[in-house]
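Working through the structure, step by step
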Amino acid sequence: MAGKLYLVPTPIGNLGDISRRAAETLEAADFIAAEDTRVTMKLLNHLKLKKPMVTYHRHNCDTAGPAILRRLEAGETCALVTDAGTPAISDPGEDLVALCAANGTEVEAIPGPCALTVALSVSGLPTGRFTFEGFLPLNKKNRRAQLESLAAEERTMIFYEAPHKLRSTLNDLADTFGPERPMAVCRELTKLHEQVLRLTIGEAQARYFAQEPRGEFVLVVAGRPPQKEEGDETGALSRAEQLRQEGVPLKQAAAQAAQEFGVKKRWIYNQITGKED
Ligand code: SAM
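For clarity, every value in this text was computed on a predicted model and none was experimentally measured. Counting from 1, residues in each chain are numbered in the order their sequence is written. In keeping with the model being predicted, local features are shown solely for residues with a pLDDT of at least 70 and side-chain atom pairs are shown and tallied solely at 80 or more, while totals for entire chains, interfaces and linings include all residues. Side-chain metrics in this entry use all non-hydrogen atoms of the structure; hydrogen atoms and water are not considered.

1. Notes on the site of the ligand
Here a residue is near a molecule or strand as soon as one of its heavy atoms is found within 4 Å of it. Around the ligand, the structure places 19 residues, and the nearest of them are I12, T86, I89, Y160 and F217. Separating a nitrogen atom of the ligand from a backbone N or O atom of I12 is a distance of 2.9 Å. When the residues that make up the shell around the ligand are grouped by side-chain class, the tally is 11 nonpolar, three polar and five charged. Distance and chemistry together define a polar contact, namely a pair of N or O atoms within 3.5 Å, with one atom able to donate a hydrogen and the other to accept it when in protein, and with adjacent residues in sequence counting only for side-chain atoms on both sides. Here the term charged refers only to Asp, Glu, Lys and Arg, the term nonpolar to Ala, Val, Leu, Ile, Met, Phe, Trp, Tyr, Cys and Pro, and the term polar to all other amino acids, Gly among them.

2. Things to note about helix α9 (residues 233-245)
A run of DSSP states H or I qualifies as a helix once it reaches four residues; a run of E qualifies as a strand once it reaches two. Both are numbered from the N-terminal end. Multiplying one less than the number of residues by 1.5 Å gives the expected span of a helix. A rise of 1.5 Å per residue sets the reference length of α9, with its 13 residues, at 18 Å; its end C-alpha atoms lie 18 Å apart and thus fit the reference within 8%. Taken residue by residue, α9 has G235, A236, R239, A240 and L243 as its buried positions. Looking down the long axis of α9, one finds its buried residues gathered within 130° of arc, a one-sided arrangement. Facing away from the buried side of α9 by over 90 degrees, the exposed positions are T234 and Q245. By definition in these notes, contact holds between two residues if any of their heavy atoms fall within 4.5 Å. Buried residues along α9 sit in contact with α10 (250-261) and α11 (265-273). Measuring from the side-chain oxygen of the N-cap residue of α9 to the backbone nitrogen of G235 gives 2.9 Å; that N-cap residue is D232. Each residue gets one of three labels from its accessible area relative to the maximum for its type: buried under 20%, exposed over 50%, partly exposed in between, using a 1.4 Å probe on protein chains only. Within this analysis, the arc is defined by the directions that extend from the helix axis to the C-beta atoms.

Here it is as structure tokens:
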């Protein structure tokens, strides 16, 4: 019988965040595939576990992935871990999952710590709809293209960033979304020096130009406020008529349609009552 790949999330800064199920899965697996075995060894020591490990990271995934798959096909179970957080989220784990999926090999994800959800939930920004952008491309042209594609984005946006690139990323965010756009800078989440700054992009620029960015960052940026179609008179009139048919009084129907379509309420009122402007 074929084995199984388990995706095991690990703490993003606080060892207490390892779940019982994650620890049990590590203990039960035949072997662990780790991004950096030295980092994972600290976790195993904390859990008092000993396990055979192989490495699986962005520089060896082309060969390590098929080697892990062969062991799974032979019936072994593997627990995939990264240095921190949920495997396959902004790390090469996604390639191993795709490889298993294409091969019909079972994959099971254990829920647990992930910097993106921790940052979004604490950001104070709307969480109902959001887009995760991971790391912006390094290449200037691709980076610009990705940011431009987000210029009209109304959902909350989440970015991962390394400290040495934070300043230039804040500049790019200000160029794309404007310095007044609200954001949350989430730093060192779950760690001793955790910090969540809720400010504007311009304020974040000023802060991190005065002080060297240190630690790990997730940037959560508010989406663009929904835009009204200015001056759609036909739309406004038919909306007001529709509201009246639904029993809404004329003045209120005119006010609501005016607000929705960017038209003066007096104009709608006059059109419906036949009064002069
Ligand atoms: N798979 C991981 C997860 O589930 O979040 C993310 C891996 S990605 C290679 C690493 C990035 O996650 C960092 O550059 C940073 O943007 C973010 N990150 C990880 N731990 C963090 C923490 N404790 N505080 C803030 N950001 C963190």
